[in-house]
Number of protein chains: 2
Amino acid sequence: MKIFNQISEMKAFIREQQASGNAVGFIPTMGALHEGHLSMVKRAAKENNIVVVSIFVNPLQFGKPEEADRYPANMEKDLKSAESAGTHVIFHPDVMEMYPEGYKTYIEVKEISDVLCGVKRKGHFIGVATVVLKLLNIVHPDRAYFGQKDAQQAVIIKQMVRDLNMDPEIIVSPTIRENDGLAMSSRNILLSELQRSNAAVMYRSLKKAIELVNKGISDCCRIKSEMEQILTNQANAEVEYISIVEAESLKEVKKIQGKVLVAVAVLFDSIRLIDNVTIEV
Amino acid sequence: MKIFNQISEMKAFIREQQASGNAVGFIPTMGALHEGHLSMVKRAAKENNIVVVSIFVNPLQFGKPEEADRYPANMEKDLKSAESAGTHVIFHPDVMEMYPEGYKTYIEVKEISDVLCGVKRKGHFIGVATVVLKLLNIVHPDRAYFGQKDAQQAVIIKQMVRDLNMDPEIIVSPTIRENDGLAMSSRNILLSELQRSNAAVMYRSLKKAIELVNKGISDCCRIKSEMEQILTNQANAEVEYISIVEAESLKEVKKIQGKVLVAVAVLFDSIRLIDNVTIEV
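Residues numbered from 1 in each chain as written. Chains lettered and ligands numbered in written order. Predicted model: local features only at pLDDT ≥ 70, side-chain atom pairs only at ≥ 80, totals over all residues. Heavy atoms only, no water.

### Focus on the interface of chain B and chain A
Between chain B and chain A, the contact holds 25 residues from the first and 25 residues from the second. Both sides together, the interface formed by chain B and chain A hides about 2,300 Å², and carbon and sulfur atoms give 48% of it. When the area that chain B buries against chain A is broken down by residue, the three leading residues are Lys104, Leu164 and Asn165 of chain B, summing to 29%. At the junction of chain B and chain A, the tally comes to two salt bridges. Across the contact surface, chain B and chain A share 20 residue pairs in polar contact (both at pLDDT 80 or more). For the side of chain B that touches chain A, the secondary-structure elements that each account for two or more residues are helix H1 (7–19), strand S5 (105–109), helix H7 (124–139) and helix H8 (151–163) of chain B. Among the residues making up the side of chain B that touches chain A, the classes are represented as 11 nonpolar, five polar and nine charged. Inspection of the sheet shows strand S5 (residues 105–109) of chain A paired to S5 of chain B by five bridges, in the antiparallel sense. The partner of Glu108 of chain A across the bridge, within S5 of chain B, is Tyr106 of chain B. (Contact = heavy atoms within 4.5 Å. Buried area = accessible area lost by both parts, 1.4 Å probe. Salt bridge = Lys/Arg side-chain N within 4 Å of Asp/Glu carboxyl O. Polar contact = N/O pair within 3.5 Å; in protein donor to acceptor, adjacent residues only side chain to side chain. Helix = DSSP H or I, 4+ residues; strand = E, 2+ residues; numbered from the N terminus. Nonpolar A, V, L, I, M, F, W, Y, C, P; charged D, E, K, R; others polar. Pairing = 2+ DSSP bridges.)

### Section: the packing of aromatic side chains
Two measures describe an aromatic ring pair: the distance that separates the ring centres and the angle between the ring planes. Evaluation of the coordinates by the stated rule reveals 10 aromatic pairs over all chains. Taking the centre distance of 5.4 Å and the plane angle of 55° together, the rings of Phe4 of chain A and Phe13 of chain A count as tilted. Overall, Phe4 of chain A belongs to the buried group, its relative accessible area being 12%. By way of ring pairs, the aromatic residues Phe56, Tyr99, Tyr103 and Tyr106 of chain A are connected into one cluster. One Lys or Arg, Lys110 of chain A, reaches over the ring of Tyr106 of chain B and ends 5.2 Å from the middle of that ring. (Phe/Tyr/Trp six-rings, centres within 6.5 Å; stacked < 30°, edge-to-face > 60°. Buried < 20%, exposed > 50% of the residue type's maximum accessible area, 1.4 Å probe, protein only. Lys NZ or Arg CZ within 6 Å of the ring centre and 35° of its normal.)

### Some details on the confidence of the model for chain A
Looking at chain A as a whole, the pLDDT averages 97, with 100% of positions reaching at least 70. Prediction confidence for the complex, expressed as pTM and ipTM, is 0.97 and 0.97 respectively. (pLDDT = per-residue confidence, 0-100.)

### Some remarks on the packing of helix H7 (residues 124–139) of chain A against helix H8 (residues 151–163) of chain A
Residue and element names in this part refer to chain A. Contact geometry for H7 and H8: axes closest at 10 Å, N-to-C directions at 55°. The orientation of H7 relative to H8 falls into the category oblique. Here the hand of the crossing between H7 and H8 comes out right-handed. For the pair H7 and H8, contact is made by Phe125, Val128, Ala129, Val132, Leu133 and Leu136 and by Gln152, Gln153, Ile156, Ile157, Met160 and Val161, respectively. Its residues assigned to classes, the contact of H7 with H8 shows 10 nonpolar, two polar and no charged. (Axes fitted to C-alpha atoms, helices over the stretch in contact; angles between N-to-C directions. Parallel < 35°, antiparallel > 145°, perpendicular 65-115°, else oblique. Left-handed = near helix turned anticlockwise from the far one by under 90°.)

### Details of the sheet that holds strand S10 (residues 271–280) of chain B
All names here are of chain B. If you walk across this open sheet you meet the three strands as S8-S9-S10, and the pairing is antiparallel. Every interior strand has two partners, whereas the edge strands, strand S8 (237–246) and S10, have only one. Geometrically, the sheet is characterised by an average inter-axis angle of 15° between neighbouring strands, direction not taken into account. Across nine bridges, S8 lies against strand S9 (residues 259–268) in antiparallel orientation. Looking at the pairing, Glu246 lines up with Val260 of S9. Packed on one face of the sheet, helix H10 (residues 201–214) meets S9 and S10 and runs near 20° to S10. In this fold helix H11 (residues 220–233) packs onto S8 and S9, with an angle of close to 160° to the strand it touches most, S8.

Set out below in structure tokens:
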């Protein structure tokens, strides 16, 4: 497995690979790799000749610089698990390589960046869109993989790539869950044992939504209120939002119809977790 | 000469050309081609195997939709002059092809978009950056050519391409002038005979700046005040700005030092013209 820190060497390698007809799959990450990431690496290894994983904690998508510093990191473990899942290249630039002095350019995907997680995390999705655009220009993959766990991010990236006439195919990969249903996330390792066990409530609330829809209930008020009951009954869980939105436009819906996204954000003390399911009727 | 209206056919053509080793030169325009554009086409024809000219009046960069509608257009003449200057492909999409319903993504190059022309034309350079990024992604040129007449635009595009790790080389081509010094611009055909002759005052004011610097004067206040005298002595010319800025950062300077841009914007009744010279000491 190769490790590149420089944009120029990453670009040169990809140019060479693609000139010899190799398809490139790309999984952008902030490190702290878990089974969710690794499932995408394995899939990319099946669908492409070369798999690139980037590890870059993007300061632009955090409200405060400290938050980026606090983001979990374990480079040695990441390299091992990436390699054994089928990664050929790690792209691991530092902040100055990605945002040199005098950096000035930002991407905004309007409307869908200001809802759900965007309500509290102002500017977060400008940071996400900007770094992903840069990474896609650097790695120039045939296919790039994003997790369904970060559903809003995936919708925004797909919109950006379509709007800006970019070439990579964007593939959204299913959420991988722990045995109790908790969605895999790099943040989970920040949880205490108690918080970890409490956090399973998120998926229980989402399963309740599925259960209600399966029973023929389509009123979103009713569904959200039953979800809220489950979440608020859990000690030490503070609900940030419970939303049911149209899956592409992310517009809040009153009635389950077509493809919708049921999404929750919950704080376990200071640790903020998100999860979602899509329902199609 | 081929004419493509669809993004997909433009992309397919370029992919084929570049796969067979042909270098692509690109000149984005809003039509109403003049000698300034054609000098870039001729240069691109020397430096590349394939020359693409886009003709697209970008509604995003006008404050009001009427302004885009008022932009001069003469497609038949444009096609003839583009072809005789060496163009191989015209890319001429319509607005819905470039901005389909639900379009949401915008590029902002901060700081340098808010000065000079950006002071009065709010959002103008978001529109410019966004359309140029899209066009560069569609045409995927080896080299793209921009006129020095639109100096701020050229600086913004270079910054955007560098910041976003894009591949095309950005080439800035010298301003082409009429005999009396008026910079070639698509807007010049909107001028009455009298306005047209009055407009030559802009270049006279810029030449005064060069003359003063050559005499050893470096105080920008003094230079701008002598330029202002020339411009305000001209009947029916309303100065929007006279600025002397550092050539890359576009920050206003007090003393001529290094490479500076001397830029003016003047209204001749409702017709707004811009011009500039660079001075290096």
